[in-house]
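# Topology and contacts: notes
Letter by letter, the chains look like this.
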Amino acid sequence: SGDFFYAGYPWYESGNSNRKEAAMMAFSSSKQKYEVGETIELNVPAGESGRVLITMETGTKVINSVWDNASKGDNTFTFEATPDMAPTVYAHVSLIQPHAQTDNDLPIRMYGVVPIAIENPKTILKPTLKMADELKPEQTFTVEIGEEKGQDMAYTIAVVDDGLLDLTNFKTPNPHDAFY
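Note that the structure is a prediction, hence the values are computed from the model and not measured. (Residues numbered from 1 in each chain as written. Predicted model: local features only at pLDDT ≥ 70, side-chain atom pairs only at ≥ 80, totals over all residues. Heavy atoms only, no water.)

Let us now look at the overall build of the chain. Check the secondary structure of the chain and you find two helices and ten strands. Starting at the N terminus and ending at the C terminus, the chain contains elements arranged as β-β-β-β-β-β-β-β-β-β-α-α. Accessible surface, the chain: about 12800 Å² in total, of which carbon and sulfur atoms supply 51%. (Helix = DSSP H or I, 4+ residues; strand = E, 2+ residues; numbered from the N terminus. Areas by Shrake-Rupley, 256 points an atom, 1.4 Å probe, with all protein chains shown as cover.)

Structural data, given as structure tokens:
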């Protein structure tokens, strides 16, 4: 048999009830969603002075990494939202306190990760569709597909009976949200 045991005092502020273990640090961004070109603001609390490593990462690469000093209380760090951060960038923060300090009993190393949605307006396609309002079985029909701004796009045409969709209570999703 086995069990996990966490020792330490990670709850040095009453507002940080999200912590799951001693080394986890609760920090936040000023907004949940940013557009490309906006300034991302991270608010990182620190118990005492130390060094902070902040990396902005996607699922495949590290986009940016910065070492900076942190002081007691809330620290604000800013980054510009870039197109390669879309659709989601993960802010990974590691806070390292000086060794052999006795000012607090927080772990020497604390970390946290926050996902941040980045919207790039250039990725939003606006398809145009010209076709008859009603289709009848076993009859040919014509469909003209384009994009409002003339951008390239890939598409799939699926013809499904309205009654079938009503039986399953199907709601057409927003394609950008579903596929991007």
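The five strands lie next to each other as S2-S8-S7-S4-S5, forming an open sheet whose pairing is mixed. Edge positions in the sheet fall to strand S2 (33-35) and strand S5 (62-70), since each has one partner strand and no second. Taking each pair of neighbouring strands and ignoring which way they run, the sheet shows an average axis angle of 25°. As paired elements, S2 and strand S8 (residues 109-119) share three bridges and run parallel to each other. Looking at the pairing, Glu-35 lines up with Glu-119 of S8. (Pairing = 2+ DSSP bridges. Axes fitted to C-alpha atoms, helices over the stretch in contact; angles between N-to-C directions.)

Taken as a whole and judged by the stated rule, the model has two salt bridges. Put simply, Lys-31 and Glu-38 hold a salt bridge, and the shortest N to O gap is 3.0 Å. In this structure, Lys-33 engages Glu-119 in a salt bridge whose closest nitrogen and oxygen atoms are separated by 3.3 Å. With a gap of 86 residues between them, Lys-33 in strand S2 and Glu-119 in strand S8 connect regions that are remote in the sequence. The exposure class assigned to Glu-119 is partly exposed, which follows from its relative accessible area of 22%. (Salt bridge = Lys/Arg side-chain N within 4 Å of Asp/Glu carboxyl O. Buried < 20%, exposed > 50% of the residue type's maximum accessible area, 1.4 Å probe, protein only.)

The next point concerns the sheet that holds strand S6 (residues 73-80). If you walk across this open sheet you meet the three strands as S1-S3-S6, and the pairing is antiparallel. Lying at the two open borders of the sheet, with one neighbouring strand each, are strand S1 (28-29) and S6.

The analysis is restricted to geometry; functional conclusions fall outside its scope.
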